[in-house]
Amino acid sequence: MQDIQILWEKVLEKMELLVTVVSFDLWIKTIEVLDLKDDKTLVLVATSSFAKNQLVKNHSNQIAECIEQVFGSEIDFEIIDKAEKEEYLKLHKVNNNEIEIKTENPFNEKYTFDNFVVGKSNQFVYAAARSVAETPGEKFNPLFIYGGVGLGKTHILNAIGNFVRQHHPEKKIMYVTCESFTNDYIESLGVSKEKEKATSRFREKYRNLDILMVDDIQFISNKTSTQEEFFHTFNELYQKNKQIILSSDRPPKEISTLEDRLRSRFASGLIQDIQAPDFETKIAILKKKVSQEKYNIDEEVLTFIAERVNTNIREMEGLLSKVYFYATLLGKKCATLDDAKNVFKDEQVTQKEQISPEKIISTVCSYYGTSEAELTGKKRSKEIVEPRMIAIYLINELLDLPLITTGKLFGGRDHTTIIHARDKIYEQLKTNNKIRTIVSEIKNQISSNC
Ligand code: ADP
Ligand code: MG
């Protein structure tokens, strides 16, 4: 149950940002909330029939919008004036105290701990996430989860959210992507006249939480003022022992252009990686999906898929449903290995069109007439250093791989070496015509081969 008058205050705060000061003082602030009729219509009283007309004519869309944001989409409203109020009171028994709001679950209900298959690759992340969900703010703060695309980061964050909603409904928890945090922040800078209010609203939104989760925080890397704001949000929550959970496709030390002070904040709790699933975990995940979606599929299809998809679980699930729907389209009751093979043939054709690090390395090698072993090996002679740096630069430019992964492709080189090579070529491209020509010829070859 929530207090209607307190909720109405929130509507007023929002309205204040939307209308002029004069309109707000004259028409909006003076509204009285009389009743929640039939538990679904807010009855608002305007000070006079003139005021009522003003509200209906000029502000009803804004009022509707703000009510929806605060009370939810099921709540409607109507406006009456002072004179009509007397009549209304004769006919109705009013309730202007309490409302039961059915707030929508902001978390994906499919992404729960129960639906998360635990294996060697993700057991530590699972344990840490579970512990944070059970006792937020007490251990592992911040919890920083990193891992490649499609390995379950967003799933884990939502699982924490669903768990907290169920077991600690009183806790204020928020999940945002880095992108929406940034957009919110930019919006809060927007209207100059209302700047202060907008900023304080932004702060109130993000700093009055028990748990803040930001997904894909790596995207904050080149946004200086968002970093600044996030730093303060982080500090305030952290000082109040509130839980912060972040996910990223790479560890903090590899997020380039991240301010050092944020980097060290991120590293001050627990940094836990999610690794690529092993074969058994992949099979277990596929089985779970089959039973969840009630797919009728031969077991050998699962093995076939698990053997062919390297790491990305999203891709694996995508293939599984493609095979199932392929079989369904053919009118079959059960998808078989042959269906899987047919689907896979088509997939490989489309996969060819993608640029991979291997493709880049082999193209650079054939351009320079050198071997892959040499290119990725230890030798540091001038003839091999240049193509190696160009390959590293191109991988960075054309693909969004974590530096650590690129380092592994080049014989386990350290990420600082990768950064150095990338930046060196980047600088040379500005001044050195020869390098510019080479890089653009290799790029052409890569794209024409694909
Ligand atoms: P990320 O955010 O790391 O890119 P997601 O969390 O979006 O990855 O996961 C991609 C898909 O794989 C989702 O459908 C998710 O449910 C599924 N998935 C990932 N890991 C697991 C797991 N351990 N058990 C079950 N499903 C998983
Ligand atoms: Mg994600």
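Keep in mind that this is a model prediction, so the values were computed, not measured.

A word on the overall build of the protein
Logical step 1: Secondary structure summary: the protein contains 20 helices and 10 strands in total.
Logical step 2: A globule of 450 residues ought to have a C-alpha radius of gyration of about 22 Å, yet the protein, at 28 Å, is considerably larger.
Logical step 3: Along the three orthogonal principal directions, the C-alpha set of the protein runs to about 90 × 60 × 45 Å.
Logical step 4: When the 450 residues of the protein are sorted by exposure, 45% land in the buried category.
Logical step 5: Taking contacts inside the protein between residues at least 6 apart in sequence as the whole, the part at least 24 apart equals 74%.
Logical step 6: With an accessible surface of roughly 23,800 Å², the protein has 50% of that area assigned to carbon and sulfur atoms.

Quick word on the packing of aromatic side chains
Logical step 1: Using the criterion set out here, one finds 19 aromatic pairs in the structure.
Logical step 2: Measuring from centroid to centroid gives 5.5 Å for Tyr 367 and Tyr 368, while their planes differ by 70°, and the two rings are edge-to-face.
Logical step 3: Since its relative accessible area comes to 25%, Tyr 368 is described here as partly exposed.
Logical step 4: Three or more aromatic residues joined by ring pairs make a cluster, and in this case those are Phe 144, Phe 181, Tyr 185, Phe 202, Tyr 206, Phe 230, Phe 234, Tyr 238 and Phe 266.
Logical step 5: Above the ring of Phe 231, the side-chain terminus of Arg 261 is found at 3.9 Å from the ring centroid.

With respect to the packing of helix α17 (residues 382-398) against helix α19 (residues 415-431)
Logical step 1: For the pair α17 and α19, interaxial distance at closest approach is 8 Å and the crossing angle is 90°. Accordingly, the angle class assigned to the pair α17 and α19 is roughly perpendicular. In this structure, α17 contributes Met 389, Ile 390, Ile 392, Tyr 393 and Asn 396 to the contact, and α19 contributes Ile 418, Ala 421, Arg 422, Lys 424, Ile 425, Tyr 426 and Leu 429.
Logical step 2: In terms of residue class, the contact of α17 with α19 is built from 9 nonpolar, 1 polar and 2 charged.

A closer look at the pattern of salt bridges
Logical step 1: Evaluation of the coordinates by the stated rule reveals 27 salt bridges.
Logical step 2: With a shortest N-O distance of 3.5 Å, Lys 29 and Asp 25 are connected by a salt bridge.
Logical step 3: The partner of Lys 242 in a salt bridge is Asp 210, with the nearest N and O atoms 3.0 Å apart. Of the two residues, Lys 242 sits in the loop between α9 (224-239) and β9 (243-248) while Asp 210 sits in the loop between α8 (195-207) and β8 (211-215), which places them 32 residues apart along the sequence.
Logical step 4: According to the relative accessible area criterion, Lys 242 is partly exposed, its value standing at 23%.
Logical step 5: One continuous salt-bridge network, built from bridges that share partners, spans Arg 203, Arg 207, Glu 229, Glu 236 and Lys 240.

Notes on the site of ligand 1
Logical step 1: Neighbouring residues of ligand 1: 17 residues in total, closest Gly 150, Lys 153, His 155, Arg 314 and Glu 317.
Logical step 2: Leu 151 places a main-chain nitrogen or oxygen 3.3 Å from an oxygen atom of ligand 1.
Logical step 3: Thr 154 has a polar side-chain atom sitting 2.8 Å from an oxygen atom of ligand 1.
Logical step 4: Against a free-state accessible area of 560 Å², the protein chains account for coverage of 92% of ligand 1.

Topic: the domain arrangement of the protein
Logical step 1: Domain boundaries assigned for the protein yield domain 1 (2-99), domain 2 (123-274), domain 3 (279-341) and domain 4 (357-448).
Logical step 2: Taking only C-alpha atoms, the centre of domain 1 and the centre of domain 4 are 64 Å apart.

Notes on the pairing of strand β6 (residues 143-146)
Logical step 1: On β6, burial covers both faces: Leu 143 and Ile 145 on one face and Phe 144 and Tyr 146 on the other are all buried.
Logical step 2: Bridge count between β6 and β9: 4 bridges; the pairing is parallel. Bridge pairing in β9 links Phe 144 to Leu 246.
Logical step 3: In terms of strand pairing, β6 meets strand β10 (residues 270-273) through 4 bridges, oriented parallel. Among the inter-strand pairings, Leu 143 is bridged to a residue of β10, identified as Leu 270.

What to know about the side chain of Thr 41
Logical step 1: On the secondary structure map, Thr 41 appears in strand β3 (residues 41-46).
Logical step 2: You can call Thr 41 buried: its relative accessible area is 7%.
Logical step 3: The contacts of Thr 41, once residues within four sequence positions are left out, are Asp 35, Leu 36, Asp 76, Phe 77 and Glu 78.

Some details on the confidence of the model for the protein
Logical step 1: On average, the protein scores 90 in pLDDT, and the residues at 70 or more come to 96%.
Logical step 2: The weakest mean pLDDT in the protein belongs to helix α14 (residues 337-352) at 78; the strongest belongs to helix α5 (residues 123-134) at 98.

Comments concerning the sheet that holds strand β2 (residues 32-37)
Logical step 1: Pairing in this open sheet of 3 strands is mixed, and the strands run β2-β3-β4 from one edge to the other. Here the strands that pair on one side only, and so sit at the sheet edges, are β2 and β4 (76-81). Within this sheet the neighbouring strands show an average axis-to-axis angle of 25°, counted without direction.
Logical step 2: Pairing of β3 with β4, which is carried by 6 bridges, proceeds in the parallel orientation. Pairing of Ala 46 across the sheet is with Asp 81, part of β4.
Logical step 3: Helix α1 (residues 4-18) contacts β2 and β3 of the sheet and is inclined by roughly 120° relative to β2.
Logical step 4: Against the sheet, helix α3 (residues 49-71) contacts β3 and β4, and its axis sits at roughly 155° relative to β4.

Structural notes on the sheet that holds β10
Logical step 1: The 5 strands lie next to each other as β7-β8-β9-β6-β10, forming an open sheet whose pairing is parallel. Since the sheet does not close on itself, it has two edges, and those belong to β7 (173-177) and β10, each with one partner. Across this sheet, the average inter-strand angle for adjacent strands is 15°, counted without regard to direction.
Logical step 2: Packed onto the sheet, helix α7 (residues 178-189) meets β7 and β8 and runs at close to 95° relative to β7.

How each quantity is defined
- Residues numbered from 1 in each chain as written.
- Chains lettered and ligands numbered in written order.
- Predicted model: local features only at pLDDT ≥ 70, side-chain atom pairs only at ≥ 80, totals over all residues.
- Heavy atoms only, no water.
- Helix = DSSP H or I, 4+ residues; strand = E, 2+ residues; numbered from the N terminus.
- Rg over C-alpha atoms; globule rule 2.2 N^0.38 Å.
- Buried < 20%, exposed > 50% of the residue type's maximum accessible area, 1.4 Å probe, protein only.
- Contact = heavy atoms within 4.5 Å.
- Areas by Shrake-Rupley, 256 points an atom, 1.4 Å probe, with all protein chains shown as cover.
- Phe/Tyr/Trp six-rings, centres within 6.5 Å; stacked < 30°, edge-to-face > 60°.
- Lys NZ or Arg CZ within 6 Å of the ring centre and 35° of its normal.
- Axes fitted to C-alpha atoms, helices over the stretch in contact; angles between N-to-C directions.
- Parallel < 35°, antiparallel > 145°, perpendicular 65-115°, else oblique.
- Nonpolar A, V, L, I, M, F, W, Y, C, P; charged D, E, K, R; others polar.
- Salt bridge = Lys/Arg side-chain N within 4 Å of Asp/Glu carboxyl O.
- Near = heavy atom within 4 Å.
- Polar contact = N/O pair within 3.5 Å; in protein donor to acceptor, adjacent residues only side chain to side chain.
- Domains from an automatic or database assignment.
- Pairing = 2+ DSSP bridges.
- pLDDT = per-residue confidence, 0-100.

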